[in-house]
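# Coordinate inspection notes
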Amino acid sequence: MTDKSQHLQGDQLLAMLAALSNPHRLRIMGMLTSHGRNYVSQLARELGISRPLLHLHLQKLEDAGLVTSQMELSADGKALNFFEVAPFDVRLTPTLLAAAAATLTDQPE
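Each chain has its residues counted from 1, following the order in which its sequence is written. At least 70 in pLDDT is required for a residue's local features to be given in this predicted model, at least 80 for side-chain atom pairs to be given and counted, and no such filter applies to totals for whole chains, interfaces and linings, which use all residues. Side-chain numbers come from the whole structure's heavy atoms, not from hydrogens or water.

## With respect to the packing of aromatic side chains
Planes of paired rings set the category: under 30 degrees apart is stacked, over 60 is edge-to-face and the rest tilted, where pairs are Phe, Tyr or Trp rings (Trp by its six-membered ring) whose centres lie within 6.5 Å. Within this structure, the stated rule accounts for one aromatic pair. Judged by centre distance (5.6 Å) and plane angle (65 degrees), the ring pair of Tyr 39 and Phe 82 falls under edge-to-face. Taken together, the residues Tyr 39 in strand S1 (residues 38–39) and Phe 82 in strand S3 (residues 79–85) connect sequence positions 43 residues apart. As a reminder, the over-ring test applies to NZ of lysine and CZ of arginine, requiring each to be within 6 Å of the ring centre and within 35 degrees of the ring normal. Directly above the aromatic system of Phe 82 lies the positively charged group of Arg 37, at a separation of 4.1 Å from the ring centroid. Numbering of helices and strands runs from the N terminus, with a helix taken as a DSSP run of H or I at least four residues long and a strand as a DSSP run of E at least two residues long.

See the structure below:
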């Protein structure tokens, strides 16, 4: 597993934490971690949510670098978008938070 925590910038850490702060996205991560890569339609059925809603959540997770996607053709010629968890290992420590805070590009509100 890649140790991204040593190289995380503040904005990256915020994106990861924001992506994981939603219960649907946490369930998606759990499903992909325990069952492996899966395509959107099957994942939506297993999670009991609509494909459009799943797409929104998967996009947020992908933007944060937590999942990756790959389009593949099935045996019958249908395009299937497969998602899987990206390798990461983030350990939240005071030192990591201080280093990430020092690299934030957004202005405080």
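## Some remarks on the packing of helix H2 (residues 23–35) against helix H4 (residues 51–63)
In a pair of packed helices, the angle between the axes and the distance between the axes together describe the arrangement. Two elements in contact, H2 and H4, have axes separated by 10 Å at closest approach and are oriented at 80 degrees. By the angle between their directions, the pair H2 and H4 is classed as roughly perpendicular. Taken together, the residues of H4 that come into contact with H2 (itself represented by His 24, Arg 25, Ile 28 and Met 29) are Leu 53, Leu 54, His 57, Leu 58, Lys 60 and Leu 61. Looking at the contact of H2 with H4 residue by residue, the class counts come to six nonpolar, two polar and two charged. All axes here are fitted lines through C-alpha atoms, helices being fitted over the stretch that makes contact, and every angle between N-to-C directions spans 0 to 180 degrees. Convention used here: angles under 35 degrees read as roughly parallel, angles over 145 as roughly antiparallel, angles from 65 to 115 as roughly perpendicular, and any remaining angle as oblique. Only heavy atoms matter for contacts: two residues are in contact if any of them lie within 4.5 Å across the pair. Note on residue classes: Ala, Val, Leu, Ile, Met, Phe, Trp, Tyr, Cys and Pro are nonpolar, Asp, Glu, Lys and Arg are charged, and everything else, Gly too, is polar.

## As for the UniProt feature "domain: HTH arsR-type" (unreviewed entry) in the protein
UniProt positions are given in the numbering used here, feature names are shortened, and annotations may be inferred rather than shown by experiment. As recorded in UniProt, the sites labelled "domain: HTH arsR-type" (unreviewed entry) are residues 15–99. Annotation note: span residues 15–99, helix share 54%, strand share 19%, distance between end C-alpha atoms 16 Å.

## Structural notes on the nonpolar core
Ranked by size, the top nonpolar core spans 20 residues in total, and within it Ile 28, Leu 43, Leu 54, Leu 58, Leu 61 and Leu 66 carry the most contacts. No other element matches the four residues that H2 contributes to this core. Not counting the four nearest positions on each side in its chain, Leu 58 is found in contact with Ile 28, Val 40, Leu 43, Val 67 and Phe 83. Buried Ala, Val, Leu, Ile, Met, Phe, Trp, Tyr and Cys residues form a nonpolar core when they are joined through side-chain atoms within 4.5 Å. Only protein chains enter the accessibility calculation, which uses a 1.4 Å probe; a residue whose area is less than 20% of its type maximum is buried, one above 50% is exposed, and one in between is partly exposed.

## Re the pattern of salt bridges
Salt bridges, as used here, are contacts in which a Lys or Arg side-chain nitrogen is within 4 Å of a carboxyl oxygen on Asp or Glu. Evaluation of the coordinates by the stated rule reveals two salt bridges. Glu 72 is the partner of Arg 37 in a salt bridge, and the nearest nitrogen-oxygen pair spans 2.4 Å. Taken as a pair, Arg 37 in the loop between H2 and S1 and Glu 72 in strand S2 (residues 67–73) lie far apart in primary sequence, 35 residues in all. Ionic pairing is found between Arg 91 and Asp 89, a salt bridge with its closest N-O pair at 2.6 Å.

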